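Per-entry structural report
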Amino acid sequence: MNVNKKMLALLIVLSLLVGAGGMYGSMALFGNDSKYVQNGEVNDLPKTATKVDNDEEFAKLQKTYEIISSRYVEDVDRDKLLEGAIQGMVKTLKDPYSVYMDEETASQFSQSLDSSFEGIGAEVSMVDGKVTIVAPFKDSPAEKAGLKPNDQIITIDGKSVEGLDLYKAVLKIRGEKGSVVTLGVKRTGVNDVMPVKVTRDEIPIETVYSDIEEVKGKKIGVLEITSFSEKTGADFKKQLTELEKEKIDGLVIDVRGNPGGYLEAVDSILRQIIPEKKPFVQIEDRKGNKERYVSTLKEKKDYPIIGLIDKGSASASEILAAALKEAGNYDLVGEKSFGKGTVQQSIDLGDGSNIKLTLFKWLTPDGNWIHKKGVKPTFEVKQPDYFYTNPITVEKKALEFDMNNEQVKNAQVMLNGLGFQTGREDGYFDEKTQAAVTAFQRANNLPATGKVDTKTAGKMESKVIDSIRDDKNDVQRKTAIELLAK
């Protein structure tokens, strides 16, 4: 298949990064917004095939516009009336990924493409009408603050996000390095909205990390991809070549917490590891026409490969995971992925405003649509319980003996995970929990009060994050490596 280079710039967009100015190549599908794909080529976006009779089909809209603009009790901004009509049309699609941006909003996002990578470092989306974290990036402020996939952002600096579209909410979350934003977060299994303070920072642009582990006399290479940017494909090739020089006996490709990005990047990677026998992804338009992407690689690698996925693996990450599983017949380890199977294009409306509209579906090699379903691993493996704990909220009163609540439960799970045994994880602060807190405080040079105050809670959360980052505690990664070392 002859695929035009411009086609490879097609983005598999989950939504947007609250990092590089809120944008990481997640608005324009092509270099020219007036382009679309057909048979692997990029052509001018066609005019609508629907015939429009302004006198009939738009008479009702025009009449409403004239009545409101001329007879409403107060003067109205006619431009805002028109924008409201456009927003209304887009909202009727009930598609969280199709959005209208007015000139001001579009301009702010466009300008951010040239700015430094500053923000909280998380990808967000609109899910069931809620601004929702898809995945925080590795070592980002969002990750360090304890934000997790599927967290719903209810407030920003104490103000409700109700009524804000995704882009305007993101503009409020973004900010300069060193500034602090307080997010009110609703998490599954937690009754109250949790305040999470995030210190904005510069977001690292490196997206590929490599490592080698020796197990049972075998060298297992690990390539972690944190997102799919313009240079990811080239970086992957370079680091894979270095691993192969070391004569690796197997390869783990880790896309956990990877929210997606450019199809060009995942295309480049899959052409290096998936043989030509099946397409590694299919792009389908509204009429059911499919564009199939096929590698030119003749044979599989001479070593086994395993993919690592979790609920934060979305969009382009799911393309990679599905291709490994269905086109490469490789195993996947971890948890079911996010489930984003649509493709958007940003279309300029001519006055600086634009519409980001869902134009395509992407399908797996076997023709499956994983939207809202996700990709299932062949080996389902969960991390230890403390990997999933929630931040401890200590407000006016410290957590202490005889309390019984969710915050105590979080503290117990953390303590047990860190090796300070509480004997229970039901949320009741008993004497053994008190002893575990005291032991933790002494081990970390804190006043041994047996109470969880703000300093103790902060230290516990910090230690948990350190433990999560330690590869020896990563059960999913260890499982993948052990399977390859058999």
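Residues numbered from 1 in each chain as written. Predicted model: local features only at pLDDT ≥ 70, side-chain atom pairs only at ≥ 80, totals over all residues. Heavy atoms only, no water.

Counting secondary structure elements, the chain contains twelve helices and 24 strands. A burial count over the chain gives 49% of its 486 residues as buried. For the chain, long-range pairs separated by at least 24 residues make up 66% of all intrachain contacts whose partners lie at least 6 apart in sequence. Counting every atom, the chain has about 24000 Å² of accessible surface; 47% of that belongs to carbon and sulfur. (Helix = DSSP H or I, 4+ residues; strand = E, 2+ residues; numbered from the N terminus. Buried < 20%, exposed > 50% of the residue type's maximum accessible area, 1.4 Å probe, protein only. Contact = heavy atoms within 4.5 Å. Areas by Shrake-Rupley, 256 points an atom, 1.4 Å probe, with all protein chains shown as cover.)

Moving on, we come to the sheet that holds strand S20 (residues 305-309). Read across the sheet, six strands follow the order S14-S15-S16-S20-S21-S24 without closing on themselves; strand pairing throughout is mixed. A strand with exactly one partner marks an edge of an open sheet, and here the two such strands are strand S14 (208-215) and strand S24 (379-380). Lying over the sheet, helix H12 (residues 475-484) contacts S14, strand S15 (218-225), strand S16 (250-254), S20, strand S21 (331-334) and S24, oriented at roughly 170 degrees with respect to S20. (Pairing = 2+ DSSP bridges. Axes fitted to C-alpha atoms, helices over the stretch in contact; angles between N-to-C directions.)

Bringing the nonpolar core into the picture now. Generally speaking, soluble globular proteins have nonpolar side chains that are buried together. Judged by nonpolar contacts, the single largest core of 41 residues is most densely connected at Phe228, Leu251, Leu270, Ile273 and Leu320. Listed by contribution, the elements that provide at least two residues to this core are S15, helix H6 (232-245), S16, helix H7 (263-273), strand S18 (279-284), S20, helix H8 (316-327) and strand S23 (354-363). Sorting elements by how many residues they give to this core places H8 first, with eight residues. Within the second largest apolar cluster, 27 residues are counted, among which are Met101, Met126, Leu147 and Leu183. (Core = buried A, V, L, I, M, F, W, Y, C linked by side-chain atoms within 4.5 Å.)

What follows covers the pattern of salt bridges. Tallying each qualifying case throughout the model produces 20 salt bridges. Residues Lys298 and Glu276 are paired through a salt bridge, measuring 3.4 Å at the closest nitrogen-oxygen approach. Taken together, the residues span a long stretch of sequence, with Lys298 in the loop between strand S19 (290-294) and S20 and Glu276 in the loop between H7 and S18 at a distance of 22 residues. Its salt-bridge partner being Arg424, residue Asp426 comes within 2.8 Å of it at the nearest N-O pair. By relative accessible area, Asp426 is classed as partly exposed at 44%. Exposure remark for Arg424: the relative accessible area of 27% places this residue in the partly exposed category. A cluster of three or more residues bridged by salt bridges with shared partners is formed by Asp211, Glu213, Asp471 and Arg477. (Salt bridge = Lys/Arg side-chain N within 4 Å of Asp/Glu carboxyl O.)

Attention shifts here to H12. Three or more residues of H12 are buried, namely Gln476, Arg477, Ala480, Ile481 and Leu484. Relative to the axis of H12, the buried residues are bounded by an arc of 130 degrees and lie together on one face. Packing partners of the buried residues in H12 comprise S14, S15, S16, S20 and S21. N-capping of H12 is provided by Asp474, with a side-chain oxygen placed 3.3 Å from the backbone N of Gln476. (Arc of directions from axis to C-beta. Polar contact = N/O pair within 3.5 Å; in protein donor to acceptor, adjacent residues only side chain to side chain.)

Scanning the model with the defined rule gives three aromatic pairs in all. One Lys or Arg, Lys300, reaches over the ring of Tyr330 and ends 4.3 Å from the middle of that ring. (Phe/Tyr/Trp six-rings, centres within 6.5 Å; stacked < 30°, edge-to-face > 60°. Lys NZ or Arg CZ within 6 Å of the ring centre and 35° of its normal.)

Another aspect to go through is the confidence of the model for the chain. Chain-level statistics for the chain give a pLDDT mean of 84 and a share of 86% at 70 or above. Confidence drops under pLDDT 50 across residues 1-50; counting only partners more than four residues distant or on other chains, this segment forms 167 contacts. (pLDDT = per-residue confidence, 0-100.)

Burial runs high along strand S8 (residues 130-136): six of the seven residues are buried. Alignment of strand S7 (residues 122-127) against S8, held across six bridges, turns out to be antiparallel. Bridged to Ser125 within S8 is Thr132. Connecting the antiparallel pair S7 and S8 is a turn made up of two residues, with Asp128 showing a positive phi of about 55 degrees. Here two bridges tie S8 to strand S9 (residues 152-156), and the two strands are oriented antiparallel to one another. Residue Val131 lies in a different strand from S9, and its bridge partner there is Ile153.

A word on the packing of helix H1 (residues 59-71) against helix H2 (residues 78-91). Their axes nearest at 11 Å, the elements H1 and H2 cross at an angle of 145 degrees. The interaxial crossing formed by H1 with H2 has right-handed handedness. Residues Leu61, Tyr65, Ile68 and Ser69 of H1 form the contact with H2, whose own contacting residues are Arg78, Leu81, Leu82 and Ala85. Split into classes, the residues belonging to the contact of H1 with H2 amount to six nonpolar, one polar and one charged. (Left-handed = near helix turned anticlockwise from the far one by under 90°. Nonpolar A, V, L, I, M, F, W, Y, C, P; charged D, E, K, R; others polar.)

Along the chain, Gly341 falls in the loop between S21 and strand S22 (342-348). Once the C-alpha coordinates of Gly341 and Ile319 are considered, the two residues, 22 residues apart in sequence, prove to be 8.8 Å apart. Once residues within four sequence positions are removed from consideration, Gly341 is found in contact with Lys361, Trp362, Trp369, Ile370 and His371.

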